[in-house]
Structures are given as structure tokens and as C-alpha cells.
Amino acid sequence: METVEEIKRREGEVHHGDYSEHAHDDHHGNFWTTYVFSQDHKMIGKQFLITGIFWAIIGGALSILFRLQLGFPDMDLTWLQPILGEWIVDGKLDQEFYLALVTMHGTIMVFFVLTAGLSGTFSNYLIPLQIGARDMASGFMNMLSYWFFFASGVVMFISLFLDTGPAGGGWTVYPPLSALPQAISGSGMGMTLWLVSMSLFIVSSLLGGINYITTVINLRTKGLSFSKLPLTIWAFFITAIIGLLSFPVLFAAALLLIFDRSFGTSFYLSDIYIGGEALPNIGGSPILYQHLFWFLGHPEVYIVLLPALGITSEIISTNSRKPIFGYKAMILSMVAIAFLSFIVWAHHMFVSGMNPFLGSIFMLLTLIIAVPSGVKVFNYLTTLWKGNIRFTPAMLFSIGLVSFFISGGLTGIFLGNSAIDITLHDTYFVVAHFHLVMGSASFFGLLAGVYHWFPKMFGRMMDERLGYVHFWLTFVGVYFVFFPLHYIGIAGFPRRYYSFTSFDAFQGFADLNMFVSIAAIITFAAQFLFLFNFFYSIYRGRKAPQNPWDSNTLEWTADKGSVHGNWSGDLPTVYRWPYDYSKPGSESDFIPQTVPYSETPESNLPEENMLVKLESEDKEGASSVVNETKV
Amino acid sequence: MFDSLIILSGILIIAILFTLFRVGTLVNVVRNRDKKPVTGSNKVNATLLALFVIGGLALFFYYSSAYYDEYTLPLASEHGIHTDRLFWWTMGVTVAAFVITHIVLIAFAYKYRYAETQKATFFPDNTKLEVIWTIIPAIVLATLIFSGLATWTDITGPAPDDAEVIEVYGFQFGWKSRYPGNDGELGGFDFRKIDAVNDMGIDFSDEAALDDFVPIEMHVPKGKAVELKIRAKDVIHSVFIPHFRAQMNAVPGMPTRFWFTATKTTEEMRAELDNPEFNYELVCNKICGKAHFAMRYVIVVDEPEDYEKWKAEQTAWLKNNPDYLSKLPSELKELAMLKSGISE
């Protein structure tokens, strides 16, 4: 079904000039339709970004609280009482609240910051701009996607203030712990709200994902075949497909958990004696939940990571002034990673008690993922080789991402090996691994994206020097926080421990834990530099030129400012791939996608000269179509 | 008073930083620096990147060798020899990859930093290169995978027939263990039989259960395979014994198992570490609630003969709880008295 507006819009593209007038009409929306219930993908992208930043501050602050406990176990925390109230008992964090903190930190960071804040922001913002579309396929669904996310955030936020605390069973919320309020107080109302919130979040993800996929398939501008798409779009496209296939399974897992909690079913519960009584549940399996959860949970890792890799590919290529090395290999490796991500989930469950033969299969499949991941790393490195590198803040964050992707990815080879995982499972080694490869790498992708596309988003530049300081504090800080955790993990320290005093084996590393906590506090504090830079530059930053990074992609040809419809005139036509940087023979070191081969005879490769003829035929064809419509 | 001073100085510092930032921005505008594609900071960043990676690698190697004894746990099981070897092989491979890629990263970043006179090389692809770096990691990984598979299959395979079978039972928040008694066979269990006395839910309608004993401390023999039969009472727990490189979840409703052979007695380990206080510890390693961090259970490894002696000294659960006899089916009572050793 096409709405009247969409039809008008389509006609606007055919009748030259009509569109600008139409776009002008759109601009007269009031405050509510422009900033709140906006259907413009650019505004929705910004809404996701600002909300993501809000959640990143909360998620980060929660981690500082439990890092205080881990690094300074004897510290008197009475000064936190005004904020935390009864969660401070005798100057100490409450033990159940500690578990709630790690649970909320994980949930918020994985879903609200790195899924919605990263994918939501850049898929929304960049897809129409980089494929030359007026907007998303359905602006209305897109708006719903944001508001479902917002509602999900409100529910989760409320859960933070419950008497019984928010969910506390770890971000994976394994039943029976998460199903039984007798087992932990967070599994009462807190867990109910967690499930409601996640259900809303899944709806949001699906609405967004369907839109991204449809838009990329249907609304690419003239000439923009799939083989000319920027890697960012490829990444968002593949991510959306992964999300569409895996989030419904999480929904199923959550739904069955809701049934078990509230309606007395036994999907996950069996043979349980708790609180002085034997529960009536028989025949359920906690392992079933783990299978369902990780069927989303593992692809989720790539939902978080692939957009960051896409953003990085674009930024590294632009700032190396070189084409991305192995464009096709980059796409193929993303497709391979996406495919494999669906058949490796049980490597999170090697010691769950599932059949060990299943463990063998999943180990085999898991380690295969290292091959396409390796290809990506080598391609990034080769892109830098013989480049002419400009270290913008975005470029530095992208290089940081590559570094984290390597160091965190390599430790995956330990954990994916089931025999080694017996010892390392659920220790701090795992914490170090995923915080580097998924947490920090994706977070750096997010920051790189913000620094790179800020001029497009807000029409002004961010301050570079603050960006550099921010980068260095964060880059060094992240390594100082997460690298030491490997040692602590090899020593066997279990994660999600309130304190290590109960065990003789875990008496060491008090000093290292303190060091990690201090590094975490500094890294967290450094993010406020970014926040200042971000909000200050929105209003007071230097005015941005049309194409500040000398980039090839389409968004830099779009109108400056927030024109609903992106291009006030015709949509641009694409003639070439997005990576014609430093092409031999060319005067300039970049040739935007909109420049036809006929205008660059000096730099065309032999096969491209053949295309020149096609281009002129195309133009004639196009004009005849226009004439026909007019008739 | 003191608080307000801190707040005031905080505000002052922020104000000073902000002023510096404004001055810097204005100077840049005056010098027209913003118009160039790159500034002097390009070289600074390239250099810092190189210094950070070199310094970081140095720190990494220093710490890893200087603190080796602190972050590695002494090993006390047979299969652990294989998993540890796999671990260090993998470490060798990954550290090599880590160092090489990072050196390459900073070398390229530093060498090819922006220069006005320089033009980047148009190098969009090279099939040969890409095939090479797909195949080499694939071969290395295949090696790791197959040695891992073999080890995993051995560890998770069936325990030897003569293995000591011991039940380990996790609950909020602690552990218990149960031994088969003289008949060498663990009795059944049923969570509906749990009550204040029979807190493991031992099913005494099963004859094999009558002589089972539940000791205070868990003992295992050195040099003999031990098969743990693992259960949980309420939520998921995880049996993690770091020194044995052993780990398996305890799942309500789904008994699990893990077998291993201890190689050093507690006494031997105490001597080796020169720590008379040393004990093998069983650690809960799956989030299970408030006191998750305190679910400790001591495991004593004995010489085989000491172990047999210790076993002989234990008394059956029923003998310790003779009142429970009244709950047994009447036809079993006589047998129970006999097997549990209540009547000699």
C-alpha cells in the first residue's frame, strides 16, 4: 500500500523541481512532528543516538559502581546513600544489588546502547542518504520503531527504582533463577519489567529491521546496484537480516519464560525445591531456554559488531585515501560471518550439561568464524598500506576498533575450543574477551561514526583536539581496563562475584583489580569530554563544508541541513563504486559516486571505458521515460 | 564546608579548562588551520600510536613473564595436562598473530601518514594475497580444532568402569556430596522427598540408598578416576574446580556428570606450594543468587589407602538419622537397619 504522500513523492522525482516545493511544505511541521513524532529518517536516527547516549551514561555509571566494589572492597560507600538508598547496607553495596548492577549493565549496553544506539542510529541515518533515497520505505514504521524502543527504555528505567530491585540473574537471565522470586528478589517485579521491556525492544528491532531491508532492496537510486553499495550499507543490510531472523527466537524464549513465571507452565522448570517446598513443575528444561536465548544471543554479537565494522570500512578507506582492499572479500566475509553466526550458539553452553557430541560440532563451526574475521583484519591492514593517512578522530577510533577486534577476537579461539573452555568458562577471561571484541570494538565503531557523520547530522564540525584527547584517554583506558582481566581469568576468578574473600584460591590480584577500577573511572570520566564536544558543537561548532572528508559516498551530495527528502532537486545518479580514491591518472584523490566515467577519461580503467557508452545510452533511456510519463 | 570547597574547586577547574578550549579554538581560527586537510597533530597521533603499541607490548611481555606464577594455577588432574597444553599452544599462535598484526598496524599507520606530496596507491584487490590469508589461518585453526576435538572427546567420554562415583549436590548456597556406601551403588533421589532432615531428597525406597553416606568434607583418591554425578536443588549452579581444570553445570531436573583423575594429594600440593593452609576448592561458577560468591566446598585428595580408610570410617546417612527409618516402607526397614549399620 502506498500512501498519498509516497505517490506524490515518487511523482516529485519524475517531475523535476516539483519535489523541492513539496519538501518545503514538509518543513512547516510543528515542534511535535519535527522533533518528537518525526517520520524523517534523519531525525529518527538522531533520536536513537541521543537516547543511546543517555543509556550509555547509565550503563557506564552502573559499571563504575560495581568496579568500586571490586577494586576497593573495603571502601565506605555511605556517600552513595543519597542515590542508592537502601541498596547501601552498612556502607557496602547490597549483594543482590551487585548482581542487579551487572545484569542491568549488560542488558543496557548490549541492547540499548550497542544495538539501538549503534544500529538504530546509523542504519536510520545513513541508509537513505547513502543509497540516494528520499526516506525509509515506511517512515511511519520507522517512527514506531523508535517509540517502541523508547517505551522499552521507560519500562527498564522504572525497574531500576523498584523496592525489590531490577532483574538480577545476569543479562542472560537463565531460569530457574530468573523465574523464581524466591531465589533472588530481582526475579520479582524487576524481572517482569525486564521481560516487558525486552518484548517491546524486540518489536522495535523488527520494525526497524524490516524497514532497513526493504529500503535497501527497493529504494536504491538509479545506477546504484548492489555491487556499488558502500560497505556501511552492506553491513546494515546484513545486520538487519540477522536481527529479523534471530530476535523472534528471543521473543519465543521470553514468552515461554513469562508463561513459566506467571501461568504455571513448566517449559524451563523441573524438579525444584525452594523456599521450603517442592514446586509442582515437572518435565521442563533450563537448557531449552539457553538454546533459545543463545540462538539470538550469539547472532546478537554480530548485530552489534557488523555495523561497527561497516562504519570502520568506510572511514578507514576514506581517510587512507585508498579503496577498501578486497571489497568483494569484505562482503563475502560479512555474509559468511552472518551465516555462521546462526550455527554456533551452543559454544556458550559447552559445560551446561548438553550432549558433549553437540559440543564437538559447535566447536568446529565456531572456530571456522575466525577465518572470515581474519580476512577482515588483513583487509583493513592492507587498506592502510601505501595510503595517505589522515588521522581524524573518526580514523583513530576506527584503528582502535581494528586493534580491539584483533585482541578480543584472538581470545575467542581459546573460548571456542571446548576443551579449553572447560577451564575458562564463566571466568574473567570471558569478560575480557567479549568486552574487547564486542563491547569496546562496537563502541569505538559508534564513536567513529559519530565523529565522521557529525558534520552531516548537525551541519557543524566537532572539535578535533578534544576528539584526540578523548580518543587517547579512551583507547588507553579500555586496554588498561580489559587487558588485565585476562590474567585474572586465567587464574580462574569467576565472573559475577561480589567479592573474592571466601576462597583461598582467589586471594591475589587485589592490586590489579584496583588498577582496573581506577582505569575504568578515568575512561568513564573521559566520555564527558566527548559529551561536551558533542553538545557544544551542535550549537557552536565550526560550520561544516559540504564534503568535509573528501568522501565519495552519496550523503555528502545531499542538501546541507535537514531537508525532508534529502535532495531538494533530483535524486543523484550513481555511476561508480564508492571507493575510487587516489585513482591513477585522476587529478583529485577522490571521485564521488555521482561522477560519470565519461567525465574521467584520464583515470578510467579499460573496462570502465566500455561503460562510458552505456552511460550515454542510459541517459537517453532515462529521458525518454520521463517524456512518456509526461505524455 | 569541605564538600562545598571540593565542589567549588571542581567548578573552577572546569571553567579554566573551558577557557583554554575557547582560546585554542580562536587561535586556530586566526591561524586558519582549520582549512587544511590535516594539521600537525597527524604526525603526533601516528607517533603516539606507534609508541602506545610498542610500550603496550613491552608491558604485556614483562607482566606475563614476571607474574607467571601468580596468574597460573598449579595443575592437579590428568586431563588437565592436555587442556593446559592446548591452552599454551593456542596462546603461542594467538600471541604471534597479535604481535605481528599490531606491528603491521602501527608500521603502516606511521609510515603512510599524510603528506601533501604523497599519493596513495590504488590497490583495490589481489586474489592471490586474499587466498593466502584465508588458507593459512584455516590450516592453523584446523590443527587447533582437531587437537581440541580429540581432547574434548576423551574428557567427556565415559568414565572407566572402576571409577569412584560421587554425587555432588548444589543448593542455595552450598554444596553436599554423597557416596555409595559398601554396595558401591548410589541410591536414587526424588526432589519431592526433600524435607528438613532429608535435604538431598535421597529416595530410600531404593535399596541402594540405604547405605549411602553424606560426609562433611568431600574426599577423593589420588590416581583413581572419580566420576561426579552432579545435581542441583533449586537453580543452576556450576561445579568448578580450578586446580582440576574441571567444570560442569549443576542443573535442576537434569543430572550431569564430569570425571577426572586427581594427580596430587592435598598434602603433596601443600608441600609443593609451601603453603600448609592449602586446600582444593570447589567453586560455584554460575550466577545463583545473593551468596553466589561464597559457595565454597573443600575437596581433600588422599592417597588411595588413606581414602579407603576414610571411607570405612564414615557412617551411613540412615545411621546418623535413625528417626528417618519410620518413613521407610515397612518391608525395607529390616534391610535398612542392616545395610546402614544400625544393627550390626
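Positions within a chain are numbered from 1, following the residues in the order the chain's sequence is written. Chains carry letters from A onward and ligands carry numbers from 1 onward, assigned in written order. pLDDT decides what is reported in this predicted model: residues at 70 or higher carry local features, side-chain atom pairs at 80 or more are listed and counted, and totals for whole chains, interfaces and linings draw on all residues regardless.

A.B. asks: Can you lay out the overall build of chain B for me, pointing to particular residues and giving the numbers?
C.D. replies: The number of helices and strands found in chain B is nine helices and nine strands. Against the 2.2 N^0.38 benchmark of 20 Å for 344 residues, chain B shows a C-alpha radius of gyration of 32 Å, more extended than a compact globule. By principal-axis analysis of the C-alpha atoms, chain B measures approximately 100 × 70 × 40 Å. In this scheme the burial state of a residue depends on its C-beta neighbours within 10 Å: 20 or more other such atoms mean buried, 12 or fewer mean exposed, and anything in between means partly exposed; the C-beta positions come from the backbone. The buried share among the 344 residues of chain B stands at 37%. Restricting the contact set of chain B to residue pairs at least 6 apart, pairs at least 24 apart contribute 67%. Numbering of helices and strands runs from the N terminus, with a helix taken as a DSSP run of H or I at least four residues long and a strand as a DSSP run of E at least two residues long. Every radius of gyration here is taken over C-alpha atoms, with the globule rule written as 2.2 Å times N^0.38, N being the number of residues. Once C-beta atoms are placed from the backbone, any two residues with those atoms within 7 Å are in contact.

A.B. asks: Break down the overall build of chain A for me, with residues and values.
C.D. replies: A tally of regular secondary structure across chain A gives 19 helices and four strands. Across the 631 residues of chain A, 60% fall into the buried class. Partitioning the intrachain contacts of chain A with sequence separation of at least 6 by distance along the chain shows that 78% fall at a separation of at least 24.

A.B. asks: Now, about the sheet that holds strand 5 (residues 237-241) of chain B: what can you tell me, with residues and values included?
C.D. replies: Residue and element names in this part refer to chain B. Two strands qualify as a pair provided DSSP detects at least 2 bridges between them. Ordered in space as 3-9-8-5-6, the five strands form an open sheet in which the pairing is mixed. The sheet is open, and its two borders are formed by strand 3 (218-221) and strand 6 (246-250), each paired with just one other strand. Taking each pair of neighbouring strands and ignoring which way they run, the sheet shows an average axis angle of 25°. Two elements, strand 3 and strand 9 (residues 296-302), share four bridges in a ladder whose sense is parallel. Looking at strand 9, one finds that Pro 221 is bridged to Asp 302. In this fold helix 7 (residues 304-313) packs onto strand 3 and strand 9, with an angle of close to 140° to the strand it touches most, strand 3. Axis definition: a line fitted to C-alpha atoms, limited for helices to the stretch in contact. Angles are taken between N-to-C directions and run from 0 to 180 degrees.

A.B. asks: Give a description of the sheet that holds strand 2 (residues 174-178) of chain B that names residues and reports values.
C.D. replies: Residue and element names in this part refer to chain B. Across the sheet, four strands lie side by side as 2-1-4-7; this open sheet has mixed pairing. Every other strand in the sheet has two partners, leaving strand 2 and strand 7 (256-261) as the edge strands with one partner each. For this sheet, the mean angle separating the axes of adjacent strands, direction not counted, is 25°. Here strand 4 (residues 225-232) pairs with strand 7 via six bridges, running antiparallel.

A.B. asks: Account for the interface of chain A and chain B, naming residues and giving values.
C.D. replies: Each side of the interface is counted separately: chain A has 98 residues, and chain B has 97 residues. The element that contributes the greatest number of residues to the side of chain A that touches chain B is helix 14 (residues 393-415) of chain A, accounting for nine residues. Side-chain classes are defined by residue name, with Ala, Val, Leu, Ile, Met, Phe, Trp, Tyr, Cys and Pro counting as nonpolar, Asp, Glu, Lys and Arg as charged, and the others, Gly among them, as polar. Counted by class, the side of chain A that touches chain B contains 58 nonpolar, 26 polar and 14 charged residues.

A.B. asks: Tell me about the packing of helix 14 of chain A against helix 16 (residues 428-458) of chain A, and please be specific about residues and values.
C.D. replies: All names here are of chain A. Axis separation between helix 14 and helix 16 bottoms out at 8 Å; the angle between their running directions is 160°. Between helix 14 and helix 16, the angle is such that the two are roughly antiparallel. Classified by chirality, the crossing of helix 16 by helix 14 is left-handed. Looking at side-chain class alone, the contact of helix 14 with helix 16 contains 17 nonpolar, 11 polar and no charged residues. Oblique is the label for any angle not under 35 degrees, not over 145, and not in the 65 to 115 range, which are roughly parallel, roughly antiparallel and roughly perpendicular in turn. A crossing counts as left-handed when the near helix is turned anticlockwise from the far one by less than a right angle, and as right-handed when that turn is clockwise.

A.B. asks: Now, about the confidence of the model for chain A: what can you tell me, with residues and values included?
C.D. replies: Residue and element names in this part refer to chain A. Per-residue confidence from the prediction method is given by pLDDT, with values spanning 0 to 100. Across chain A, pLDDT averages 91, with 93% of residues at or above 70. Low pLDDT (under 50) marks residues 10-26, which in the prediction has 19 contacts with non-local residues, meaning those over four places away or in another chain. Of the regions scoring below 50 in pLDDT, residues 623-631 engages in two contacts with residues more than four places distant in sequence or in other chains.

A.B. asks: Let's hear about the nonpolar core: which residues, and what values?
C.D. replies: With 270 residues, the main nonpolar core has Ala 441 of chain A together with Val 239 of chain B as its most contacted residues. Considering every element that reaches this core, the biggest residue donor is helix 6 (residues 95-131) of chain A, with 22 residues. Excluding its chain neighbours within four sequence positions, the residues that come into contact with Ala 441 of chain A are Leu 305, Ala 308, Leu 401, Phe 404, Phe 405, Gly 408 and Leu 436 of chain A. Note on terminology: a nonpolar core is any set of buried Ala, Val, Leu, Ile, Met, Phe, Trp, Tyr and Cys residues joined through C-beta atoms within 7 Å.

A.B. asks: Lay out the packing of helix 6 of chain A against helix 9 (residues 231-262) of chain A with the relevant residues and their values.
C.D. replies: Residue and element names in this part refer to chain A. Two elements in contact, helix 6 and helix 9, have axes separated by 10 Å at closest approach and are oriented at 125°. Comparing the axis directions of helix 6 and helix 9 gives the class oblique. You can see that helix 6 and helix 9 cross each other, and the crossing is left-handed. For the pair helix 6 and helix 9, contact is made by Ser 119, Phe 122, Ser 123, Leu 126, Ile 127, Gln 130 and Ile 131 and by Thr 232, Ile 233, Phe 236, Thr 239 and Ala 240, respectively. The residue inventory of the contact of helix 6 with helix 9, partitioned by class, reads seven nonpolar, five polar and no charged.

A.B. asks: For the confidence of the model for chain B, give the residues involved together with the corresponding values.
C.D. replies: Looking at chain B as a whole, the pLDDT averages 92, with 98% of positions reaching at least 70. We note a pTM of 0.93 for the whole complex and an ipTM of 0.94 for its interfaces.

A.B. asks: How would you sum up helix 9 of chain A? Please name residues and give values.
C.D. replies: Residue and element names in this part refer to chain A. For helix 9, with 32 residues, the first-to-last C-alpha span of 45 Å sits near the 46 Å given by 1.5 Å per residue. One axis fitted to the seven residues ending at a residue, another fitted to the seven starting there: the angle between these axes is the bend at that residue. Taking the largest bend as the criterion, helix 9 deviates by roughly 30°, centred on Leu 244, and proline Pro 248 comes between one and four positions later. Just downstream of helix 9 lies Gly 264, where phi reads positive at about 75°. Expected span of a helix: the number of residues minus one, times 1.5 Å.

A.B. asks: Account for unusual backbone geometry, with residues named and values stated.
C.D. replies: Residues and elements named next belong to chain A. Across the junction of Pro 175 and Pro 176, the peptide omega takes the value 0°, indicating a cis bond. Within the element layout of this structure, Pro 176 appears in the loop between helix 7 (139-159) and helix 8 (189-218). Even without a glycine there, the phi angle at Lys 386 is positive, about 55°. Residue classification places Lys 386 among the partly exposed positions, given that 19 C-beta atoms sit within 10 Å. Its identity as a non-glycine residue notwithstanding, Asn 566 has a phi of 70°, on the positive side. Considering the arrangement of structural elements, one finds Asn 566 in the loop between helix 18 (510-540) and helix 19 (606-630).

A.B. asks: Report on the environment of Met 191 of chain A, specifying residues and quantitative values.
C.D. replies: Residues and elements named next belong to chain A. Here Met 191 is to be found in helix 8. Separated by 128 residues in the primary sequence, Met 191 and Ser 63 have C-alpha atoms spaced 20 Å apart. Setting aside residues no more than four positions away along its own chain, Met 191 makes contact with Ala 167, Val 173, Ser 178 and Gly 186.

A.B. asks: An account of the environment of Lys 333 of chain B is needed here, citing residue identities and associated values.
C.D. replies: Residues and elements named next belong to chain B. Position of Lys 333 among the secondary structure elements: in helix 9 (residues 330-339). Spatially, the C-alpha atoms of Lys 333 and Phe 204 are 9.9 Å apart, while their sequence positions differ by 129 residues. Excluding residues that lie within four positions of it along the chain, Lys 333 makes contacts with Leu 325 and Leu 328.

A.B. asks: Explain helix 14 of chain A to me, and be specific about the residues and the numbers.
C.D. replies: With 23 residues, helix 14 of chain A should reach 33 Å at 1.5 Å per residue; the first-to-last C-alpha distance of 33 Å fits that figure. The element helix 14 of chain A is largely enclosed, with a buried count of 23 among its 23 residues.

A.B. asks: Can you explain the environment of Leu 162 of chain A? Please cite residues and give values.
C.D. replies: All names here are of chain A. Along the polypeptide, Leu 162 turns up in the loop between helix 7 and helix 8. Given 17 C-beta atoms within a 10 Å radius, Leu 162 is considered partly exposed. For the pair formed by Leu 162 and Ala 432, sequence separation is 270 residues and the distance between their alpha carbons is 31 Å. Apart from the residues within four sequence positions on either side, Leu 162 is in contact with Met 189 and Gly 190.

A.B. asks: Tell me about the pairing of strand 2 of chain B, residues and numbers included.
C.D. replies: Residues and elements named next belong to chain B. Sheet topology note: the strand 1 (residues 164-171)/strand 2 ladder contains five bridges and is antiparallel. Bridged to Phe 171 within strand 2 is Gly 174. The hairpin formed by strand 1 and strand 2 contains two residues between the paired strands.

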